[in-house]
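Examining the three-dimensional arrangement
Here is what each chain is made of, one letter per residue.
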Amino acid sequence: MSGSSFRRIGVMGAGAWGTALANAAARAGREVVLWGRDAGAMADMAAARENRADLPGIALDPVVSPVSDLNLIADCDAVLLVVPAQACREALGHLGSRMRAGMPVISCAKGIERGTRAFMSDVIAEALPGALPAVLSGPSFASDVAAGLPTAVTLAARDGALAKDLAQALGSSTLRLYHSTDVRGAEIGGAAKNVLAIAAGIVAGRKLGASAAAALVARGFAELMRFGAAYGARPETITGLSGLGDLILTTSGPQSRNFAFGRALGAGEAGAGKLAEGAFTASVLVEMAAAKGVDVPVSAAVDAVLAGRLGIDGAIEALMARPQRAE
Ligand SMILES: NC(=O)c1ccc[n+]([C@@H]2O[C@H](COP(=O)([O-])OP(=O)(O)OC[C@H]3O[C@@H](n4cnc5c(N)ncnc54)[C@H](O)[C@@H]3O)[C@@H](O)[C@H]2O)c1
Ligand SMILES: O=P(O)(O)OC[C@H](O)CO
């Protein structure tokens, strides 16, 4: 299938990122079906031509159809899966037998499933055995993409020709997609950087200074590289858009929900209640690192704080008191 054969794109999940990607796919010349599970909210979105709850102020492109009937997703040529990582398996379960074999299903969620330790491409393969799993990941805030600001991300599928075709189908003058066959590498970066962004937020909320913030990103990147290597990621993917690129974006400031969540923790305030995927991924990532003997001290500190095993000052002390080692 060439890029132009993906005439109709289905988007499962009508939150901030699903809505932004629906507009991006429309800008790339696709017809778009945007599915959300709440029929009332989707009817409101169809009438207002705007996702007022999650992406206020951005008009839906005229070719985007907001729907709550999953059969309309099953009819599409490819599907973008844009629900929170812990909900992906359940959402795909509803699509189940309606879907045709050979349908590309592209995970746009950034996380690892708790309990199963499954990456999102594995969740897709298990929930929909006939689907062709792919991953879209990289530095991209929904509001930036929706506003048409220049953005570049990675699109990975095991079949290089499919990755290239999907990248061509979804790319536009404002959204550039680099294709890759390193599915595992692309999904590891997106999941791990959210945990590290919480740590960066804690550093900011605790007012530990710019030097500590830079050290955190550098040492966080070192653990991302170790974790990636242990789970089969290619080094060039970890140093690319979906790894280092997204780590830089998400640890840079409060436009990131994970950073904002961490900052509130560090400042001793209540969080804003928005989705912070890293809070769900931290414990499973640390379990998986331990299973392979990989040292992830920053992620482990975030997990310990979230689980209440350590206070924030105790976590900082533990990081600073680690045995001296070569860089
Ligand atoms: N917002 C961004 O800038 C951005 C960018 C890149 C990747 N992502 C990733 O995309 C994913 C979704 O994030 P978001 O920003 O759209 O979050 P969001 O909170 O704005 O929206 C999530 C949507 O998923 C729906 N949902 C939740 N559980 C569901 C279920 N079981 N079945 C069907 N729908 C369900 C919610 O109703 C909501 O509409 C996350 O993994 C996030 O890390 C977000
Ligand atoms: O707002 P965050 O922290 O979920 O980050 C959004 C994107 O993943 C950035 O690439």
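Everything below is about the structure printed above this text.
Attention here is on the structure that accompanies the text.

1. Some thoughts on the site of ligand 2
- Around ligand 2, the surrounding shell consists of Lys 110, Gly 138, Pro 139, Ser 140, Phe 141, Lys 193, Asp 246, Leu 249, Thr 250, Ser 256, Arg 257 and Asn 258.
- At 2.8 Å, a side-chain N or O of Lys 110 approaches an oxygen atom of ligand 2.
- Ser 256 is positioned with one of its side-chain polar atoms (N or O) 2.7 Å from an oxygen atom of ligand 2.
- The fraction of the free accessible surface of ligand 2 (310 Å²) that becomes covered by protein chains is 92%.
- In terms of residue count, helix H11 (residues 241–250) provides more of the shell around ligand 2 than any other element does, three residues in total.
- Two domains each donate at least three residues to the shell around ligand 2, and these are domain 1 (3–181) and domain 2 (190–320).

2. Examining the layout of surface pockets
- A volume near 700 Å³ is recorded for the second largest pocket.
- Around the second largest pocket, the lining comprises 25 residues; the ones closest to its centre are Ala 215, Arg 219, Val 298, Leu 319 and Met 320.
- Looking at the lining of the second largest pocket, the elements that each hand over two or more residues are helix H8 (183–205), helix H9 (210–230), helix H14 (297–306) and helix H15 (312–320).
- Residue classes in the lining of the second largest pocket are distributed as 19 nonpolar, one polar and five charged.

3. With respect to the packing of H9 against H14
- Their axes nearest at 8 Å, the elements H9 and H14 cross at an angle of 100°. One element, H9, and the other, H14, form an angle in the roughly perpendicular class. Side by side, H9 and H14 meet where Leu 216, Glu 223 and Arg 226 of the first sit next to Pro 297, Val 298 and Ser 299 of the second.
- When grouped by side-chain class, the residues that make up the contact of H9 with H14 number three nonpolar, one polar and two charged.

4. Remarks on the side chain of Lys 110
- Topologically, Lys 110 is positioned in the loop between strand S5 (104–107) and helix H5 (120–127).
- Judged by its relative accessible area of 14%, Lys 110 is buried.
- A distance of 3.0 Å separates the side chain of Lys 110 from the backbone oxygen of Gly 138, its partner in a polar contact.
- Among the polar contacts made by the side chain of Lys 110, one reaches the side chain of Asp 246 at a distance of 2.6 Å.
- Those residues in contact with Lys 110 that lie beyond four places of it in its chain are Ala 85, Ser 137, Gly 138, Ser 140, Gly 190, Ala 191, Lys 193, Asn 194, Asp 246, Glu 277 and Thr 281.

5. Some remarks on helix H13 (residues 277–291)
- The terminal C-alpha atoms of H13, which comprises 15 residues, lie 22 Å apart, in line with the 21 Å expected from a rise of 1.5 Å per residue.
- At Ser 283, H13 shows its largest kink, close to 30°.
- Buried within H13 we find Glu 277, Gly 278, Thr 281, Ala 282, Ser 283, Val 284, Leu 285, Val 286, Met 288 and Ala 289.
- Where H13 terminates, the next one or two residues include Gly 293, which has phi positive at roughly 65°.

6. Section: the sheet that holds strand S4 (residues 78–81)
- Spatially, eight strands are ordered S3-S2-S1-S4-S5-S6-S7-S8 in an open sheet, and the strand pairing comes out mixed. What marks the edges here is a single partner per strand, and that holds for strand S3 (64–67) and strand S8 (175–180). On average, each strand axis in the sheet is inclined to that of its neighbour by 25°, with strand direction left out of account.
- Here S4 pairs with S5 via three bridges, running parallel. Bridge pairing in S5 places Leu 81 opposite Ser 107.
- Sheet contacts for helix H1 (residues 16–27): strand S1 (8–12), strand S2 (31–35), S3, S4, strand S6 (132–137) and S8; angle to S2, the most-contacted strand, approximately 170°.
- Packed onto the sheet, H5 meets S4, S5 and S6 and runs at close to 155° relative to S6.

So, how was this worked out
- Residues numbered from 1 in each chain as written.
- Chains lettered and ligands numbered in written order.
- Predicted model: local features only at pLDDT ≥ 70, side-chain atom pairs only at ≥ 80, totals over all residues.
- Heavy atoms only, no water.
- Near = heavy atom within 4 Å.
- Polar contact = N/O pair within 3.5 Å; in protein donor to acceptor, adjacent residues only side chain to side chain.
- Areas by Shrake-Rupley, 256 points an atom, 1.4 Å probe, with all protein chains shown as cover.
- Helix = DSSP H or I, 4+ residues; strand = E, 2+ residues; numbered from the N terminus.
- Domains from an automatic or database assignment.
- 1 Å grid on protein atoms, 1.4 Å probe; cavity = no way out; pocket = protein on both sides within 12 Å on 5 of 7 lines; lining within 4 Å.
- Points joined across faces, edges and corners; volume = space filled by probe spheres on them.
- Nonpolar A, V, L, I, M, F, W, Y, C, P; charged D, E, K, R; others polar.
- Axes fitted to C-alpha atoms, helices over the stretch in contact; angles between N-to-C directions.
- Parallel < 35°, antiparallel > 145°, perpendicular 65-115°, else oblique.
- Contact = heavy atoms within 4.5 Å.
- Buried < 20%, exposed > 50% of the residue type's maximum accessible area, 1.4 Å probe, protein only.
- Expected span 1.5 Å × (residues − 1).
- Bend = angle between axes of the 7 residues up to and from the residue.
- Pairing = 2+ DSSP bridges.

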